[in-house]
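# Tertiary structure, described
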Amino acid sequence: MNEVKCECGHVNPHGTILCEACGKVLVEEDNNEKLVDMRYEGSARRSQTYNKTIIDKVWNFFSSVKVGVWLIVITLIASGIGTIFPQEMYIPPVMPADEYYKDQYGVLGEWFYKLGFHNLYSSWWYLILIASIGVSLVICSLDRVVPLYRALKGQRVTRHEGFLKRQRLFGTSETSSQDSALDKVKENLSLKRYHIREENGNILAEKGRFSRWGPYINHIGLIIFLIGGMLRFVPGMYIDKVLWVREGETKVIPETNGEYYLKNNQFLLETYEKGKDKKVFEEAIDKKGMMAKNYQSTVTLYKKQGNSVAGEEAQLEKVKDYKIRVNHPLKFEGFALYQVDYKLNEMNKMSFKLTKKATNEEFGDLKIDLYNPKEQYDLGNGYKVELLSYFPDFEFGENGDPTTKSRIPNNPAFVFNMITPDKPKGETSFVAIRQTIEPFGDNEYKMAFNGIETKNVSALTVRKDLTIWAIILGGIIFMIGVIQGAYWNHRRIWIQQVNDQIWVASHTNKNWYGLKRELQLIFKDTGIKEPGDQSEKVKDN
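Now for a look at the structure at hand. Note that this is a predicted model, so its numbers are computed, not measured.

## Things to note about unusual backbone geometry
- Positive phi is not limited to glycine here, since N257 has a value of about 55°.
- Summarising the element assignment, N257 is placed in the loop between strand 7 (250-252) and strand 8 (260-271).
- According to the relative accessible area criterion, N257 is exposed, its value standing at 80%.
- For E333, which is not a glycine, the phi torsion comes out positive at approximately 45°.
- Mapped onto the elements, E333 comes out in the loop between strand 11 (330-332) and strand 12 (335-356).
- Using a relative accessible area of 56% as the deciding quantity, one classes E333 as exposed.

What follows is the structure, encoded as structure tokens:
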């Protein structure tokens, strides 16, 4: 029951439609004049033969081309949705991601986060989709390529008469000098670079068989490409982080295990100017205003020396100075630092003077580092200021209490306790930009604004990619398969002597017009008629 023996003696796997050796139709059909289906040489595909066990059902599910196409479509739709809002790695580190998406994009942003689109390419369900596409490619390929290879390898020169008559191109001829005619045909076939096999006076001419493997080469390339993509989720194989570093600041470079540090010495922004640059830029300036010509970060790369105790400042050794510009990254140890964004004039320090309101007499000034404020500032002579609360990005919350939207000092506000000799318990004052509140009545002293210092901030992408070789290799193999399947085709010509006639049948997997033109040249002046196209005849019937 698992094997089917043909009258030619060849044993075929169960489910075979055309004998792998002679091509005889093994499955009875109502219409015996119907052209044979040559897509997979009538071979037995596992997905169309077995459907009993769970393994069979899983195999059959993933072997379906429709299933593969739908998996790709769903993945493309998910990838498209993932571009509606920025991925978590690209949002500013001002607040937790769930709060950020809800605050910035409302209900859509909230569901964007809940469904895992904020980290789309590392979410478990997206990885399952990618893996499913890979499984579908593997099973689709194995389900088709193995029986196709076996059928093509086992095909005989002499084919069953029913096989020849039910080819799309078929014809018969009568000639008095068959031997000389066949010799002329073989000569023409050789000129057309056909591989010729002979058996008992019968001929099989074949060329371009390798083109049949083009789609499966495509699949191999895609599988390698997907493997490269999934390797990106293996720790250390792919890194894509954003590092914000201010002028004069030294920060550890992410994902380097604290081994490398980067100092931003200066950020430079150059813009196009009217009258100095080309007219095309002048038109753009008129329409859009300022246009960046170049922005770069002059940095110093350091490497940590030895081991440092927690809390102790690391000992750093200078590696090199570099100017990071767009498309000119700083590269080291497999890492690359790209200039991707910037922020000009970010508030860095604010200065205040302790002043007596009635006389405007000043009793000292203090400078607050907005990223590392002190709890207390001693002004001398019994005057000091305590920082009770600090709100870097101030706003009033739902209950009316002051709160901060982020850790970035976009709108700093302070709660001060001003201690003076005549006010030893101090006076409380809430100070924000253009706003001062004295919650316990009028104070005698105030914190008068005395200036602000700003710094430019550079945004650098820290990237490391150890998977690019697999992605490039997969792409190259995929293109080889495309070229292999697109520019060549598999052509076969069967020539058999049946009684006093010569039967000619031919088949190609595509480009029938090209095959017909070639047949005209092969059988020209040989006395053998070129095969006719039976497809129109079958349609009429």
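Now, onward.
## Description of the sheet that holds strand 10 (residues 315-325)
- Here we have four strands laid out as an open sheet, ordered 7-8-9-10, and antiparallel in their pairing. The sheet terminates laterally at strand 7 and strand 10, the two strands that pair on one side only. Looking at each pair of strands side by side, their axes are set apart by 30° on average, direction ignored.
- Here strand 8 pairs with strand 9 (residues 292-305) via eleven bridges, running antiparallel. Across the sheet, the residue bridging to Y261 is Y302, located in strand 9.

## Thoughts on the packing of helix 7 (residues 214-231) against helix 9 (residues 468-487)
- Closest axis-to-axis distance for the helix 7/helix 9 pair is 7 Å, and the angle between their directions is 165°. Judged by the angle between their axes, helix 7 and helix 9 are roughly antiparallel. Like other packed secondary-structure pairs, helix 7 and helix 9 cross with a definite hand, here left-handed. In this structure, helix 7 contributes G214, I217, N218, I220, G221, L222, I224, F225, G228 and G229 to the contact, and helix 9 contributes A470, I471, L473, G474, G475, I477, F478, I480, G481, V482, Q484 and G485.
- Residue composition of the contact of helix 7 with helix 9, grouped by class: twelve nonpolar, ten polar and no charged.

## Topic: a negative patch on the surface
- A contiguous patch of negative charge on the surface is contributed by D98, E99, D103 and E395.
- The leading source of residues in the negative patch is helix 3 (residues 97-114), at three residues.
- Mapped onto the elements of the fold, D103 is located in helix 3.

## Side note on the packing of aromatic side chains
- Per the stated rule, a full pass over the model turns up 31 aromatic pairs.
- Judged by centre distance (5.1 Å) and plane angle (75°), the ring pair of F85 and F112 falls under edge-to-face. Of this pair, F85 sits in the loop between helix 2 (65-81) and helix 3 while F112 sits in helix 3, and the two are 27 residues apart along the sequence.
- When its relative accessible area of 5% is taken as the criterion, F112 is described as buried.
- Here the aromatic residues F85, Y100, Y101, Y105, F112, Y113, F117, Y121, W125 and Y126 are joined through ring pairs into a cluster of three or more.
- One cation-aromatic arrangement involves R168 over W512; the distance from NZ or CZ to the ring centre is 4.5 Å.
- The ring of Y338 is capped by R463, whose NZ or CZ atom sits 5.5 Å from the centre of that ring.

Parameters and conventions
Residues numbered from 1 in each chain as written. Predicted model: local features only at pLDDT ≥ 70, side-chain atom pairs only at ≥ 80, totals over all residues. Heavy atoms only, no water. Helix = DSSP H or I, 4+ residues; strand = E, 2+ residues; numbered from the N terminus. Buried < 20%, exposed > 50% of the residue type's maximum accessible area, 1.4 Å probe, protein only. Pairing = 2+ DSSP bridges. Axes fitted to C-alpha atoms, helices over the stretch in contact; angles between N-to-C directions. Parallel < 35°, antiparallel > 145°, perpendicular 65-115°, else oblique. Left-handed = near helix turned anticlockwise from the far one by under 90°. Contact = heavy atoms within 4.5 Å. Nonpolar A, V, L, I, M, F, W, Y, C, P; charged D, E, K, R; others polar. Patch = residues over 30% accessible without salt bridge, like charges linked within 9 Å, V, L, I, M, F, W, Y side chains within 5 Å. Areas by Shrake-Rupley, 256 points an atom, 1.4 Å probe, with all protein chains shown as cover. Salt bridge = Lys/Arg side-chain N within 4 Å of Asp/Glu carboxyl O. Lys, Arg positive; Asp, Glu negative; His and termini not counted. Charge placed at Lys NZ, Arg CZ, Asp CG, Glu CD. Phe/Tyr/Trp six-rings, centres within 6.5 Å; stacked < 30°, edge-to-face > 60°. Lys NZ or Arg CZ within 6 Å of the ring centre and 35° of its normal.

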